[in-house]
Structures are given as structure tokens and as C-alpha cells.
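In case you want the letters, here they are:
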Amino acid sequence: MQSTRRDFVKSSALALGASVLPFPQNLFGATRNFTPIRRNVGTFEGRGGTIGWLISDDALVVIDSQFPETAQACLEGIQDRSSRGIDFLINSHHHGDHTAGNPVFGPHVDKIVAHRRVPELQKRSAERRGTEDEQVYASVLFDETWKVDVGDETLSMAYYGNAHTSGDSVIHFEKADVAHMGDLVFNRRTMFLDLGAKGTSKGWIDVLESIYNDFTDETIFIYGHANPAYDVTGTREDLLAMRDFLTGLREHVEAGIAEGKSVDDLLVSQLPMFEMYNAADETSGLHRNIRTIHTELTGDS
Ligand SMILES: [Zn+2]
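Cut-offs used in this document
- Residues numbered from 1 in each chain as written.
- Predicted model: local features only at pLDDT ≥ 70, side-chain atom pairs only at ≥ 80, totals over all residues.
- Heavy atoms only, no water.
- Helix = DSSP H or I, 4+ residues; strand = E, 2+ residues; numbered from the N terminus.
- Buried < 20%, exposed > 50% of the residue type's maximum accessible area, 1.4 Å probe, protein only.
- Areas by Shrake-Rupley, 256 points an atom, 1.4 Å probe, with all protein chains shown as cover.
- Donors = N, O, S within 2.8 Å, 3.2 Å for Na, K, Ca; no water.
- Tetrahedral: all angles 85-135°; square planar, octahedral: opposite > 155°, others 65-115°.
- Phe/Tyr/Trp six-rings, centres within 6.5 Å; stacked < 30°, edge-to-face > 60°.
- Lys NZ or Arg CZ within 6 Å of the ring centre and 35° of its normal.
- Core = buried A, V, L, I, M, F, W, Y, C linked by side-chain atoms within 4.5 Å.
- Contact = heavy atoms within 4.5 Å.
- Pairing = 2+ DSSP bridges.
- Right-handed = clockwise from strand over helix to strand, strands pointing away.
- Polar contact = N/O pair within 3.5 Å; in protein donor to acceptor, adjacent residues only side chain to side chain.

Asker: Where do I start with the overall build of the protein in this structure?
Answerer: Summing up its helical and strand segments, the protein has 8 helices and 15 strands in all. Relative to its 301 residues, the protein shows a buried fraction of 53%. Approximately 13400 Å² of the protein is accessible, and the part contributed by carbon and sulfur atoms is 50%.

The structure is reproduced here in C-alpha cells:
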């Protein structure tokens, strides 16, 4: 049944010729969402945080799992490309748009790996939402760094400190020199800072600078999310752009607090120098970001 559907997916994609159909409006475009980057490493874009993958004859690694429907499409695309089981599923952090597809990948995965705090944050979030039954948790946990040889690639993970949450990993395919940033970069778009999970904008700024210094201009980075006008992959200059946006947000809110303004007085539609951060369908994104930073800096929620 599944192979029949996959055959149909392939022939439909062929029949559609060169047109690129956006996911998820057209599920038949699913296999087109695989984009190779370098040395058997690439991305899958569906709904939620960008999935990273390593697919070779002797290694299969998936980073993040999106939501069940797109996880299924991704899994089928992987199975089209390899008959191997998945050696490692990595969760870059606990958010639902990166972990809700874990149950789909779970039966095909040897080990799920994440930072130590990911399962507890994921469980707490699931309890709040009443989705405990839908969770599959990482079983291999690390505190500072974790490293493994898989096929002819070396996979390493590192925790840099509290930032987007308190459990964000950077995942590096060392030989390909491709690094998955999870949600440590929202590429040129407004962000989500999870104060409830002990995220911090100050920590996030420091973390981005540390990561920038640990990699080179040759490294290709994968981002959890991007402004539609920008890519979900890029170079380390994007990390500094993200740092600058966070810094600009903080300076805007700090200046307003110093002038005795209320948070509502701070809700601008654009920050000077950061016009693209209120783009496309995110008309309220910048306002959310200003409110979050204000809460962080004042302690008022
Ligand atoms: Zn996130």
C-alpha cells in the first residue's frame, strides 16, 4: 500500500514537470522537499522546524521530526532513498514543531538523542497541553557534548547555554561541515523566545557569538525557521544577523523602559535597521517579540 502510494507520488511529481509545489498545500510535492547540501547531508522542509538528514549507504541520521503528517512524508522520502533503519534521530530542542513527529520515526529509529533537559521540558509542555499520550522522548541524553561515528561521518552535538530554551543543541556533521542550529536561528524573521523554558535573550546573544567563533566561513548552517524571502540554510554571518536583531530588540525595549514608557508604547511596526523582521504574514511577530523582551527585562508578564 505504501509503496504504491510512493510510486504515485513519484509519477505525479514527474507529471507536474518543473513546477515546484509548496508543501503542505500539495502533499504530492513531498519528495521535492528534500534538498541536498553537501556530502550526503541535506534538509527536508514540511511544516515546522526544518529537518536535517544524513542519508548514505552506511548511515542514516534525522534531525528533528516536525509534526506527524510531515514526519510521515519525510520518512517515506527517506525510505525511497535508503532501505536502512535510522541510526539516530536527534531532537535539537523540545518544542512541538521539532518533536511531535517522534512517534512516526520512533519504530524505525535505533536511538533518539537530545540535550539532558529536552525530555523534561517536553513532558512539562505536553502536560500543559494534555498531549502526554502523543509524546516519544529521547533516550540518549547529554549535558555538554556528545559525539559518535556513523558510517563515514562524525556527528557531534554541543550545548552552549540558555538561549531559545534551556536545552538547545548545535548538531554538527563534522566531515560535511554542516551544522543544524535548531531554533537558535530564525533567519531574518521574528523569533520565539521561550521564557517559560528558561530561554534568555542575553544568553542567546552570547551563545550565537560562541558558535560563530567555533565554526568557519566554510560551514553551512541549517536553521529551524526562515523568513520566506530567505533560506533555511546559510553561513555564519546569519548568526550575527540574528544576534544583532536580538540586540536591537533589547536596546529598543531598554530605552523605552528608561524613558518610563509602557510596553504598549513600545509596539512599533518596524525597528530601524531591521525592516525585514516584520515581513510577510508576521504582522504581529515584532509586537510579540517586543512584549517578550519587555517581560524578560522587567519580570512583568
Ligand atoms: Zn523552538
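Asker: Would you mind going over the coordination of the zinc ion with me for this structure?
Answerer: Octahedral metals with six donors have ideal donor angles of 90 or 180 degrees. Tetrahedral metals with four donors have an ideal donor angle of 109.5 degrees. For the zinc ion, the full set of protein donor atoms is His93 (NE2), His95 (ND1), His164 (NE2) and Asp183 (OD), at a range of 2.1 to 2.2 Å. Around the zinc ion sit 4 donor atoms, and with donor-metal-donor angles ranging over 88 to 166° the site reads as irregular. Residue classification places aspartate 183 among the buried positions, given a relative accessible area of 2%.

Asker: Explain the packing of aromatic side chains to me, please; I cannot follow it from the model alone.
Answerer: In this description, a pair of aromatic rings is defined by centroid distance and the angle of the planes. Applying the stated criterion across every chain, the model contains 8 aromatic pairs. With a centroid separation of 5.9 Å and 70° between ring planes, the pair formed by phenylalanine 274 and tyrosine 277 is classed as edge-to-face. Judged by relative accessible area, which is 16%, phenylalanine 274 ranks as buried. Residue tyrosine 277 is classed as buried on the basis of its relative accessible area of 3%. One aromatic cluster is present, built from ring pairs that chain together Phe34, Phe44 and Trp53. The aromatic ring of tyrosine 212 is capped on one face by arginine 236, whose charged end is 4.1 Å from the ring centroid.

Asker: How should I be thinking about the nonpolar core in this particular structure?
Answerer: The nonpolar side chains of soluble globular proteins are, as a tendency, buried together. Counting residues in each nonpolar core, the largest one holds 31 residues, and the members touching the most others are Met181, Met191, Trp204 and Ile211. Of all elements in the fold, only helix H6 (201-214), helix H7 (237-258) and helix H8 (285-298) reach the threshold of two or more residues within this core. Contact partners of methionine 181, with chain neighbours within four places excluded, come to Ser169, Val170, Leu208, Ile211, Phe221, Ile222, Tyr223 and Leu239.

Asker: I'm lost on the pairing of strand E6 (residues 109-115) in this one. Help?
Answerer: The element E6 is extensively covered by neighbouring structure, given that 5 of its 7 residues are classed as buried. Relative to E6, strand E5 (residues 86-90) runs parallel, the two sharing 4 bridges. Looking at E6, one finds that leucine 89 is bridged to isoleucine 112. Strand direction decides the pairing type here: E6 and strand E7 (residues 140-142), joined by 3 bridges, are parallel. Considered in E7, the bridge of valine 113 is made with valine 140. This β-α-β element, E6 to helix H5 (residues 118-129) to E7, shows right-handed connectivity.

Asker: Mind showing me how you'd approach the sheet that holds strand E15 (residues 233-234) here?
Answerer: Strand pairing in a sheet takes place through backbone hydrogen bonds and is either antiparallel or parallel in direction. Pairing is mixed in the open sheet, where 6 strands are placed in the order E8-E9-E10-E11-E13-E15. Two strands lie at the open edges of the sheet, namely strand E8 (145-150) and E15, each paired on one side alone. By the bridge criterion, 3 bridges tie strand E11 (residues 178-180) to strand E13 (residues 220-222) in an arrangement that is parallel. Note on E13: the bridge partner recorded for valine 178 is isoleucine 220.

Asker: Teacher, can you tell me more about the side chain of asparagine 102 here?
Answerer: Residue placement: asparagine 102 occurs in helix H4 (residues 102-105). Reaching out from asparagine 102, the side chain makes a polar contact with the side chain of asparagine 91 at a distance of 2.9 Å. When near neighbours in sequence (up to four residues on either side) are disregarded, asparagine 102 contacts Ser65, Leu89, Asn91, Gln122 and Val136.

Asker: I tried to follow the environment of asparagine 289 on my own but got confused; where do I start?
Answerer: Inspection of the secondary structure puts asparagine 289 in helix H8. Each C-alpha atom of the pair asparagine 289 and leucine 193 lies 7.8 Å from the other, and the pair is 96 residues apart in sequence. Not counting residues up to four positions away in its chain, the partners in contact with asparagine 289 are Thr190, Met191, Phe245 and Leu249.

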